[in-house]
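Below are the chains, spelled out letter by letter.
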Amino acid sequence: QLQASGGGLVQAGGSLTLSCVASGRTFTFKNAVMGWFRQAPGKAREFVAGIGWTGDRTYNTHSVKGRFTISRDNPGNTVTLQMSSLKPEDTGVYYCARQRSGWKAVTDGTQYDYWGQGTQVTVSS
């Protein structure tokens with residue numbers, strides 16, 4: 001089970017930190033590539049950021065590079081998304097998920113099988 005939290009309402013230019021905690025025995029967190037996705041109203045879900053098993057590899061989609069940072073704490077079964085310089089276009093429901101097929105497919109949403117419930121991020125202009 002994945003539980004995401006940390007969303008909220010923030011003004012443009014502000015910051016938020018999202019957290020996702022894995023619990024249960026569905027999968028072994030420390031062996032999982034993890035990702036964050038978002039879905040804006042009326043739009044398809046899109047990849048935001050991904051992180052490898054040990055945290056040594058990360059990848060951000062172009063629109064958030066330099067503003068968002070993904071990290072993980074394996075002992076705590078937690079993956080975090082630090083967001084800064086937020087823009088109205090960052091508004092959406094943010095989801096964390098487990099990738100099942102390896103780093104090469106980190107941006108492919110169809111390769112993620114366990115999803116959190118989502119947390120709403122709203123950036124006002």
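One can find the structure itself at the top, above this paragraph.
Summary of the structure given here.

Time to look at the overall build of the protein chain. Each helix and strand counted, the protein chain has 0 helices and 11 strands in total. When its helices and strands are written in sequence order, the protein chain yields β-β-β-β-β-β-β-β-β-β-β. Against the globule reference of 14 Å for 125 residues, the protein chain gives a C-alpha radius of gyration of 13 Å, in line with a compact fold. With the principal axes as the frame, the protein chain shows a C-alpha extent of 40 × 25 × 25 Å. Within the protein chain, contacts between residues at least 6 apart in sequence are counted, and of these 56% link residues at least 24 apart. Element-wise, carbon and sulfur atoms account for 46% of the exposed surface of the protein chain, whose accessible area totals about 6400 Å². Separation of charge centres in the protein chain, based on 13 positive and 7 negative side chains, amounts to 4 Å.

Glancing now at the state of the cysteines. Within the structure shown, the criterion is met by 1 disulfide. With a sulfur-sulfur separation of 2.0 Å, C20 is cross-linked through a disulfide to C96. With the S-S dihedral at roughly 60 degrees, the linkage between C20 and C96 falls on the right-handed side. Here C96 lies in strand 9 (residues 92–99) and C20 lies in strand 3 (residues 16–22), a separation of 76 residues in the sequence.

With respect to the helices and strands, K43 occurs in the loop between strand 4 (33–39) and strand 5 (46–51). According to the relative accessible area criterion, K43 is exposed, its value standing at 58%. Each C-alpha atom, one on K43 and one on T69, is 23 Å from the other, the two residues being 26 residues apart in sequence.

A word on unusual backbone geometry. Look at N77: it is not a glycine, yet its phi comes out positive at around 55 degrees. Structurally, the position occupied by N77 is in the loop between strand 7 (68–73) and strand 8 (78–83). Although it is not a glycine, S85 adopts a positive phi angle of roughly 50 degrees. Within the secondary structure layout, S85 lies in the loop between strand 8 and strand 9. Residue S85 is classed as partly exposed on the basis of its relative accessible area of 39%.

What follows concerns the nonpolar core. Counting residues in each nonpolar core, the largest one holds 26 residues, and the members touching the most others are W36, L81, M83 and Y94. Sorting the residues of this core by element identifies strand 1 (2–5), strand 3, strand 4, strand 5, strand 7, strand 8, strand 9 and strand 11 (119–124) as the ones contributing at least two each. No other element matches strand 3, which puts 4 residues into this core. Ranked by size, the runner-up nonpolar core spans 7 residues in total, among them V33, F47, V106 and Y112.

Reading the values: the criteria
Residues numbered from 1 in each chain as written. Predicted model: local features only at pLDDT ≥ 70, side-chain atom pairs only at ≥ 80, totals over all residues. Heavy atoms only, no water. Helix = DSSP H or I, 4+ residues; strand = E, 2+ residues; numbered from the N terminus. Rg over C-alpha atoms; globule rule 2.2 N^0.38 Å. Contact = heavy atoms within 4.5 Å. Areas by Shrake-Rupley, 256 points an atom, 1.4 Å probe, with all protein chains shown as cover. Lys, Arg positive; Asp, Glu negative; His and termini not counted. Charge placed at Lys NZ, Arg CZ, Asp CG, Glu CD. Disulfide = S-S within 2.5 Å. Buried < 20%, exposed > 50% of the residue type's maximum accessible area, 1.4 Å probe, protein only. Core = buried A, V, L, I, M, F, W, Y, C linked by side-chain atoms within 4.5 Å.

Geometric values such as these leave the question of function open.
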